[in-house]
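Given next are the chains, with one letter for each unit.
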Amino acid sequence: MGLFDFLKSKKKKEEAPAEAEVLPLDSSELAGIEPPETRYTQEYQDFLASREAAGDGIELPGTRVRDTEQEVMEMKTLVAYFSAGGVTAAVAKRLADALGAALYEIKPETAYTTEDLDWRNQESRSSVEMKDKDCRPPLMDTDAPVAEADLIFLGYPVWWYREPSIIDSFLDAYDFKGKKIVLFATSGTSGIGEEAPQRIARLSGAEVLPGKRFPADVSAEELKAWAETC
Ligand SMILES: Cc1cc2nc3c(=O)[nH]c(=O)nc-3n(C[C@H](O)[C@H](O)[C@H](O)COP(=O)(O)O)c2cc1C
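The numbering scheme is per chain: residues are counted from 1 as the chain's sequence reads. Reporting of local features is limited, given that this is a predicted model, to residues whose pLDDT is at least 70; pairs of side-chain atoms are given and counted only at 80 or more, and all residues count toward the totals for whole chains, interfaces and linings.

### Regarding the overall build of the protein chain
Phase 1: Along its length, the protein chain carries seven helices and six strands.
Phase 2: Going from N to C terminus, the protein chain has its helices and strands arranged as α-α-β-β-α-β-α-β-α-β-α-β-α.
Phase 3: Burial is judged by counting other C-beta atoms within 10 Å of a residue's own C-beta: 20 or more means buried, 12 or fewer means exposed, and anything between counts as partly exposed, with every C-beta placed from the backbone. Counting every position in the protein chain, which comprises 230 residues, the buried fraction comes to 33%.
Phase 4: Once C-beta atoms have been placed from the backbone, residue pairs whose C-beta atoms lie within 7 Å are recorded as contacts. Sequence-distant contacts in the protein chain: of pairs separated by 6 or more residues, those separated by 24 or more amount to 76%. Each helix is a run of DSSP H or I of at least 4 residues and each strand a run of E of at least 2, with the numbering of both proceeding from the N terminus.

### Notes on the confidence of the model for the protein chain
Phase 1: Summing up the model confidence of the protein chain, the mean pLDDT is 82 and the portion of residues at 70 or higher is 69%.
Phase 2: The pLDDT score gives, residue by residue, the confidence of the prediction method on a 0 to 100 scale. Long-range and interchain partners of residues 1-20, a stretch whose pLDDT sits below 50, account for six contacts in this model, where long-range means more than four residues apart.

### Quick notes on the nonpolar core
Phase 1: Note on terminology: a nonpolar core is a set of buried residues of type Ala, Val, Leu, Ile, Met, Phe, Trp, Tyr or Cys, with members joined through C-beta atoms within 7 Å. The biggest cluster of nonpolar side chains holds 48 residues, and the ones touching the most others in it are V79, A80, L95, I181 and L183.
Phase 2: Elements with a minimum of two residues in this core: β2 (72-81), α3 (87-99), β3 (102-105), β4 (151-157), α5 (165-173), β5 (180-186), α6 (196-204) and α7 (220-228).
Phase 3: Here this core takes nine residues from α3, the largest share from any one element.
Phase 4: Apart from residues lying up to four places away in sequence, L95 is in contact with V79, F153, L223 and A227.

### Here we look at the packing of α3 against α7
Phase 1: The contact between α3 and α7 brings their axes to 9 Å, and the two run at 65°. Taken as axis vectors, α3 and α7 run roughly perpendicular relative to one another. For the crossing formed where α3 meets α7, the hand is right-handed. Between α3 and α7, the contacting residues are R94, L95, D97, A98 and L99 on the first element and A220, L223, K224 and A227 on the second.
Phase 2: Tallied by class, the residues present in the contact of α3 with α7 amount to six nonpolar, no polar and three charged. Structural elements are reduced to axes, namely lines fitted to C-alpha atoms, with helices fitted over the stretch in contact, and the angle between N-to-C directions of any two is expressed from 0 to 180 degrees. Comment on the angle field: the value is read as roughly parallel under 35 degrees, roughly antiparallel over 145, roughly perpendicular from 65 to 115, and oblique elsewhere. Two helices cross in a left-handed way if the nearer one is turned anticlockwise from the farther one by less than a right angle. They cross in a right-handed way if the turn is clockwise. Three categories are distinguished: nonpolar for Ala, Val, Leu, Ile, Met, Phe, Trp, Tyr, Cys and Pro, charged for Asp, Glu, Lys and Arg, and polar for the others, with Gly belonging to the last.

### Observations concerning the site of the ligand
Phase 1: Any residue qualifies as near a molecule or strand once its backbone-derived C-beta atom lies within 6 Å of it. Not every one of the 24 residues close to the ligand is listed here, only the nearest: S83, G85, V87, T88 and P157.
Phase 2: At three residues, the largest contribution of residues to the shell around the ligand is made by α3.
Phase 3: Within the shell around the ligand, the residues separate by chemical class into 13 nonpolar, ten polar and one charged.

### Some points on the environment of W119
Phase 1: Along the chain, the position of W119 falls in the loop between β3 and α4 (125-131).
Phase 2: On a C-alpha basis, the gap between W119 and W159 in space is 8.9 Å, while along the polypeptide they are 40 residues apart.

### Structural notes on α5
Phase 1: For α5, the complete set of buried residues consists of S165, I166, I167, D168, F170 and L171.
Phase 2: Considering only its buried residues, α5 is in contact with α4, β4 and α6.

### Observations regarding the pairing of β4
Phase 1: Most of β4 is tucked away: seven of the seven residues are buried.
Phase 2: A two-sided burial pattern is seen for β4, the buried positions comprising L151, F153, G155 and P157 on one face and I152, L154 and Y156 on the other.
Phase 3: Each pair of strands is called paired provided DSSP finds at least two bridges between the two strands. Bridge count for β4 against β5 is seven bridges, and the pairing is parallel. Bridged to G155 within β5 is F184.
Phase 4: Note on handedness: a crossover is taken as right-handed if, strands pointing away from the viewer, the path from the first strand over the helix to the second is clockwise. One crossover worth recording links β4 to the parallel β5 by way of α5, and it is right-handed.

### A few points about the environment of A84
Phase 1: Tracing the backbone shows A84 in the loop between β2 and α3.
Phase 2: Between the alpha carbons of A84 and P164 there is a distance of 10.0 Å; along the sequence they are 80 residues apart.

### A closer look at α3
Phase 1: With 13 residues, α3 should cover 18 Å at 1.5 Å per step; its first-to-last C-alpha distance of 19 Å lies within 8% of that length.
Phase 2: Of all 13 residues in α3, twelve are buried, a share of seventy percent or more.
Phase 3: Within α3 the residues assigned to the buried category are V87, T88, A89, A90, V91, A92, K93, R94, L95, A96, A98 and L99.
Phase 4: Two residues or fewer past α3, G100 is found with a positive phi of approximately 65°. Working rule for helices: expected span equals 1.5 Å times residues minus one.

### As for unusual backbone geometry
Phase 1: We note that W160 has phi near 50°; this positive angle belongs to a residue other than glycine.
Phase 2: Its place among the elements puts W160 in the loop between β4 and α5.
Phase 3: For W160, a count of 21 C-beta atoms within 10 Å puts it in the buried group.
Phase 4: A positive phi angle, near 70°, is found at Y161, a position not held by glycine.
Phase 5: Of the residues examined, Y161 has 18 C-beta atoms within 10 Å and is grouped as partly exposed.

Set out below in structure tokens:
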């Protein structure tokens, strides 16, 4: 290699972004869907307020999650979820109620504002975070009773065809070895994606079972029937 080529290749390396790979965000599937507002329903706010007032830690009752002719298993089950607009929160609560499982909300240290969630703006907080697959926004707390749980239903809204970065922060913050994780999601139209279980298994070290995307109005019966097959 001549000196010129060497200098040219050196310059290229120096110019290459030291940052993590920047992923393209293709919003064609989202055309026509309005970004959600960060507002929980009154019913859900009342539920959160009443739980806070009760002041107890989250208890994990044994939950019968598998019921086949061969097998009836009791597992300590946790439903952990992140929700920016309340849709996933409502599904998560319905699922936890149907299973008699504990419920834990994954909260970012800094809540997402409506502007933060605007996917039409490439500079919005969510766009910037989701372009960087190594982004780990700080969590509000690390109080999830993961250590006590055997089975964790992990719910989130699909953001840019995958899990929001705050879910990756959650996976980094706890030890999931020996646990089972089942994914569930809500979205405008996208499915949970074929890669999600693999990626989340890699990030958590847990066994991750195939997950499912649900519409906002999925019934408790449907959620229970699905959970019992996991
Ligand atoms: C930043 C951002 C990215 C999104 N990306 C997708 C997507 O890739 N596919 C999709 O179908 N919906 C997408 N949505 C829509 C949400 O998945 C959907 O509104 C979800 O039900 C919101 O749940 P939540 O109310 O629990 O936050 C996106 C929403 C936001 C805010």
